[in-house]
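Architecture and fold: a report
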Amino acid sequence: MILEPDSARSGALGEDGPYGVELELRRFRVRADEVVDVDLLRPIEADGSLATDRPVVVFVHGGLVGRHRYRWLGRHLASRGFLVIAPGHLGDLAFLEQGNAIDALRAARTASTRPGDRLFGAMRPGPAAIVGHSLGGVVASGLWNDAPGDFSHLVMLASYPARAGFR
């Protein structure tokens, strides 16, 4: 656990919310010969149990900055009740493995339906929000545009859309 639950935290602007946060390092097999390493940041209830039926945020990190450098942001979002999925990318460049975010989301969704898996019941059904920083925002905007059934919201931090066809 990287943050203890505390109902006294108000979640005011810039402050963590009331949930505790667990960090799980996970490796999802996405194809027969490929895996995606993922940081999962999960909300913890006041009684110490893992929160269930949580809205999902997929975070795509910026170029040459590993996903671990954004754990502070994932922790903050998880403390407010979101389940955060932060996939890694070859060479810390999301552009080289643009499908990792959607592959990790789909693999996590599958895991959340398997009794006995730590993710069982953790994810709210329906599309996730996707957040990207810098080059990760460019990749996130392309995925959001290409997979509207998987992503409901797009947040780009210090970034720009991937192409002119952006809606």
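Here, every reference points to the structure presented above.
Note that the structure is a prediction, hence the values are computed from the model and not measured.

A few points about the packing of aromatic side chains
In this structure the tally under the stated criterion is one aromatic pair. Measuring from ring centre to ring centre gives 4.8 Å for F59 and Y70, while their planes differ by 50 degrees; the resulting arrangement is tilted. In this pair, F59 sits in strand β3 (residues 56-60) while Y70 sits in the loop between β3 and α1 (71-79), placing the two residues eleven residues apart along the sequence. By the burial criterion, F59 is buried, and Y70 matches it.

A word on the side chain of D150
Topologically, D150 is positioned in the loop between α3 (135-146) and β6 (151-157). The exposure class assigned to D150 is buried, which follows from its relative accessible area of 18%.

Section: the sheet that holds strand β4 (residues 83-87)
Read from one edge to the other, the open sheet built from six strands follows the order β1-β2-β4-β3-β5-β6, with strand pairing classed as mixed. Either end of the sheet is taken by a strand with one partner, and the two such strands are β1 (20-31) and β6. Taking the axes of each pair of neighbouring strands and ignoring which way they run, one obtains an average angle of 20 degrees across the sheet. The pairing of β3 with strand β5 (residues 128-133) spans four bridges and is classified as parallel. In the sheet register, V60 faces β5, and the bridge partner there is G132. α1 contacts β1, β2 (34-44), β3, β4 and β6 of the sheet and is inclined by roughly 45 degrees relative to β2. Contacting β1, β2, β3, β4, β5 and β6, helix α2 (residues 100-111) runs over the sheet at an angle of about 105 degrees to β1.

A look at unusual backbone geometry
Peptide bonds are trans in most cases, and residues, glycine excluded, mostly fall at negative phi. The backbone of L64 sits at a positive phi, close to 60 degrees, despite the residue not being glycine. The topology assignment puts L64 in the loop between β3 and α1. Take L64: its relative accessible area is 65%, and that puts it in the exposed class. Despite not being glycine, D92 shows a phi value in the positive range, around 55 degrees. Residue D92 is classed as partly exposed on the basis of its relative accessible area of 29%.

Calculation notes
- Residues numbered from 1 in each chain as written.
- Predicted model: local features only at pLDDT ≥ 70, side-chain atom pairs only at ≥ 80, totals over all residues.
- Heavy atoms only, no water.
- Phe/Tyr/Trp six-rings, centres within 6.5 Å; stacked < 30°, edge-to-face > 60°.
- Helix = DSSP H or I, 4+ residues; strand = E, 2+ residues; numbered from the N terminus.
- Buried < 20%, exposed > 50% of the residue type's maximum accessible area, 1.4 Å probe, protein only.
- Pairing = 2+ DSSP bridges.
- Axes fitted to C-alpha atoms, helices over the stretch in contact; angles between N-to-C directions.
- Contact = heavy atoms within 4.5 Å.

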